[in-house]
Amino acid sequence: MKALIVHAHPEPQSFTTSMKDTARRVLEAQGYDTVVSDLYAQQFNPVASASDFGSRKRDDYLVYALEQRNGFETSSLAPDIAEEVDKLLAADLLVLNFPFYWFSMPAILKGWIDRVFLSGPLYGGVRFYDKGGLRGRKAFVTATLGGRPHMFGPKAIHGEINDMLRHLLRGTLGYVGYDVLEPFYAYHVPYLPEDERRKIMDDFETALRGLDTRPALSFPSLDNFDGELFPLDHLAVAK
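So, how was this worked out
- Residues numbered from 1 in each chain as written.
- Predicted model: local features only at pLDDT ≥ 70, side-chain atom pairs only at ≥ 80, totals over all residues.
- Heavy atoms only, no water.
- Helix = DSSP H or I, 4+ residues; strand = E, 2+ residues; numbered from the N terminus.
- Polar contact = N/O pair within 3.5 Å; in protein donor to acceptor, adjacent residues only side chain to side chain.
- Contact = heavy atoms within 4.5 Å.
- Buried < 20%, exposed > 50% of the residue type's maximum accessible area, 1.4 Å probe, protein only.
- Pairing = 2+ DSSP bridges.
- Right-handed = clockwise from strand over helix to strand, strands pointing away.

## Section: the side chain of Thr 142
Phase 1: As for its position among the elements, Thr 142 is in strand S4 (residues 138–144).
Phase 2: Polar contacts involving the side chain of Thr 142 include one to the side chain of Asn 97, which spans 2.8 Å.
Phase 3: Ignoring any residue separated from it by four or fewer positions in sequence, one finds Thr 142 in contact with Met 19, Val 95, Leu 96, Asn 97, Phe 98, Phe 184 and Phe 204.

Structure (structure tokens):
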């Protein structure tokens, strides 16, 4: 089995970085051949542009998804993209590790997704959700934040934490076909004493050792929709 850990934190001494190191150690102990993409250390360019393609399908107008498909088919993607795509397509498990920034992920990680999640091999047409290009593989989001657990939930001040990352959990990982495991959130990390931080890390190790039985989030199946993506029961509802 192979795992890709994509890490997005600018501080090598951070708790988030320690989570990345822990994930690699625990996964390798379980037999995973593990590769890490440390985006800040790599100085990964997060900006999608025409220079991402060595040759173009259309020179007069940039349709990024079209050029992604062409670049993949003609092996003319920019070298930094091609390297990350190779890692991604080889991995049975994808781990995304990052701190919460404004109810979301750091821009460098969003840019990695924009440039690496290619139209064509990962999705296209009605190849999404359980028909997506990465179906059968697992994705695990691990994130740190400053808020306390009681601040998140149905009636909490910030609402459900998974709703904040719906664009990532459903609109990205679920969309391309991953089995998206229930995320691991490390709450209030910057303000905790060492013993409580150690407890979070112990819980994280336990979660990593239990990935085979960790629940997955629920997303639609295309089997429940017709060719125009109306729900199969829409006629009955209309009646």
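## Observations concerning unusual backbone geometry
Phase 1: The backbone phi angle of Ser 75 is positive, close to 55 degrees, even though this residue is not glycine.
Phase 2: Judged by relative accessible area, which is 69%, Ser 75 ranks as exposed.
Phase 3: A positive phi is found at His 188, a non-glycine position, where the angle reads about 60 degrees.
Phase 4: Here His 188 shows up in the loop between strand S6 (184–186) and helix H8 (194–209).

## A few points about the pairing of strand S2 (residues 33–38)
Phase 1: Two strands pair when backbone bridges link them, and strand S1 (residues 2–7) and S2 are joined in this way by 6 bridges, in the parallel orientation. Bridge assignment links Ile 5 to a residue of S2, and that residue is Val 36.
Phase 2: At this point the chain moves from S1, through helix H1 (residues 15–29), to the parallel S2, and the crossover so formed is right-handed.

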